[in-house]
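# Observations on chain architecture
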Amino acid sequence: TDQCGSYAAEGDCYNREHTTPADWYNDAAPMYTDLFNVYPTDGYVNGKRNNYPYGDVAVASWTSTNGSLLGTSADTGYVGTVFEPIDEYKGDFARTYFYMMTRYKDVVSTWSSPMYDGDNFSEWASRVLKKCFVSI
């Protein structure tokens, strides 16, 4: 009964987050329903994350109650807004991205995201995701 329909603040409800945002692949199947890509999350926080790529935040424009950040990228090679989850989730999300890249290698080149370059990760995204494994 706490699944989102609408929310005004953190803690109002939960929803399902597509860790690799569904807009990047136009809500296409089977990616949209792939359970390895879907996580329960706070509805308000997920709304703030929007479709921004994961990355390291240099200057936060918003900070969640648990410390996740939204703000300008600190990562060399990407200029723009990124979402930085708390350290406890970085490894999980990195594993999900590596899974999605491997599982959908044949269609990744059609996805629209700054994290991908053709049928591979962009150079900056690869560095960020690999670093997540070092920090856990």
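Because the structure is predicted, anything quoted here is derived from the model rather than measured. (Residues numbered from 1 in each chain as written. Predicted model: local features only at pLDDT ≥ 70, side-chain atom pairs only at ≥ 80, totals over all residues. Heavy atoms only, no water.)

## Let's talk about the sheet that holds strand β5 (residues 81-84)
- Across the sheet, which stays open at both edges, the 3 strands sit in the order β3-β4-β5 with antiparallel pairing between neighbours. Each of the sheet's edge strands pairs with one partner strand only, and the pair in question is β3 (57-63) and β5. Going across the sheet, the axis of each strand differs from the next one's by a mean of 40°, ignoring polarity.
- In terms of strand pairing, β3 meets strand β4 (residues 69-73) through 5 bridges, oriented antiparallel. Bridging across to β4, Trp62 finds its partner in Leu70. (Pairing = 2+ DSSP bridges. Helix = DSSP H or I, 4+ residues; strand = E, 2+ residues; numbered from the N terminus. Axes fitted to C-alpha atoms, helices over the stretch in contact; angles between N-to-C directions.)

## Observations regarding the nonpolar core
- Within the largest apolar cluster, 28 residues are counted, with the highest numbers of intra-cluster contacts made by Tyr97, Trp111, Met115 and Tyr116.
- Those elements that provide at least two residues to this core are β3, β5, α2 (87-103) and α3 (123-134).
- Leaving out residues up to four positions away in the same chain, Trp111 has contacts with Thr20, Trp24, Tyr25, Met31, Met100, Tyr104 and Tyr116. (Core = buried A, V, L, I, M, F, W, Y, C linked by side-chain atoms within 4.5 Å. Buried < 20%, exposed > 50% of the residue type's maximum accessible area, 1.4 Å probe, protein only. Contact = heavy atoms within 4.5 Å.)

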